[in-house]
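# Residue-level structural notes
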Amino acid sequence: MEENNLKTRKFALQFGLIGGLVNVVFGVMLFSMDMHYERSFAIQGVQFAVLALFVIIAIIQFKKANGGFLKIGQAVKLGAGVGLIAAVIGTIYFLVLSNVIEPDYMAKATEIAKVDAFEKNPKMTQEQWDQGVEIQNKFFPVFLAVGVIFSALFGLVVGLITGLIAKKEAPAY
């Protein structure tokens, strides 16, 4: 059983790194097209689809390497591991983007959000906006951590679904 845990970690690390790097390449592509401020459903959908794809690939490759056997628990571990590692890679890229590549990223993103917020809610006052921005800035590290946790949970769910479909227990004898 310990051998399977080591293999699970190896596959989660390998495919989490690849999935995270693919999403970084997608982020660089968005940056080069000046679309890195957009948070549309389509862009987020592509990022989650990439993550789901690499969770599924990791599970399939693990099952092949494990003699065709897969337990649901292994699939769940793989999914959560791939999601966690990919999210950490993505968070590192975001921090490099927003602090090194484009140091005024947060100010620009806040200004874009401000225009959008005032269009959607014309009764909002500047004071309300400033309070919201202050709270957001104070809890920014928490938001990053929640994003990493959410990605791990998404990977876990994809792993569970894939595990339920692909499970095959080793014979007891």
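You'll find the structure just up there.
In short, a report on the structure.

Cut-offs and rules
Residues numbered from 1 in each chain as written. Predicted model: local features only at pLDDT ≥ 70, side-chain atom pairs only at ≥ 80, totals over all residues. Heavy atoms only, no water. Core = buried A, V, L, I, M, F, W, Y, C linked by side-chain atoms within 4.5 Å. Buried < 20%, exposed > 50% of the residue type's maximum accessible area, 1.4 Å probe, protein only. Helix = DSSP H or I, 4+ residues; strand = E, 2+ residues; numbered from the N terminus. Contact = heavy atoms within 4.5 Å. Patch = residues over 30% accessible without salt bridge, like charges linked within 9 Å, V, L, I, M, F, W, Y side chains within 5 Å. Areas by Shrake-Rupley, 256 points an atom, 1.4 Å probe, with all protein chains shown as cover. Salt bridge = Lys/Arg side-chain N within 4 Å of Asp/Glu carboxyl O.

Take the nonpolar core next. Counting residues in hydrophobic clusters, the biggest one holds 18 residues, and the most contacted among them are Phe15, Val55, Ile59, Leu70, Leu78 and Val82. The dominant element in this core, judged by the number of residues it contributes, is helix α2 (residues 41-65), at eight residues. Those residues in contact with Leu78, other than ones at most four positions away along the chain, are Thr8, Phe11, Ala12, Ala58, Ile59 and Phe62. Within the second largest apolar cluster, eight residues are counted, among which are Tyr37, Ile85, Ile89 and Tyr105.

Attention shifts here to a nonpolar patch on the surface. On the surface, Leu84, Val88, Ile92, Val96, Val100 and Ile101 cluster together into a nonpolar patch covering about 500 Å² of accessible area. Along the chain, Val88 turns up in helix α3 (residues 72-101).

Before going further, it helps to examine unusual backbone geometry. Non-glycine residue Asp34 carries a positive phi angle of around 55 degrees. By the secondary structure assignment, Asp34 is in the loop between α1 (2-32) and α2.

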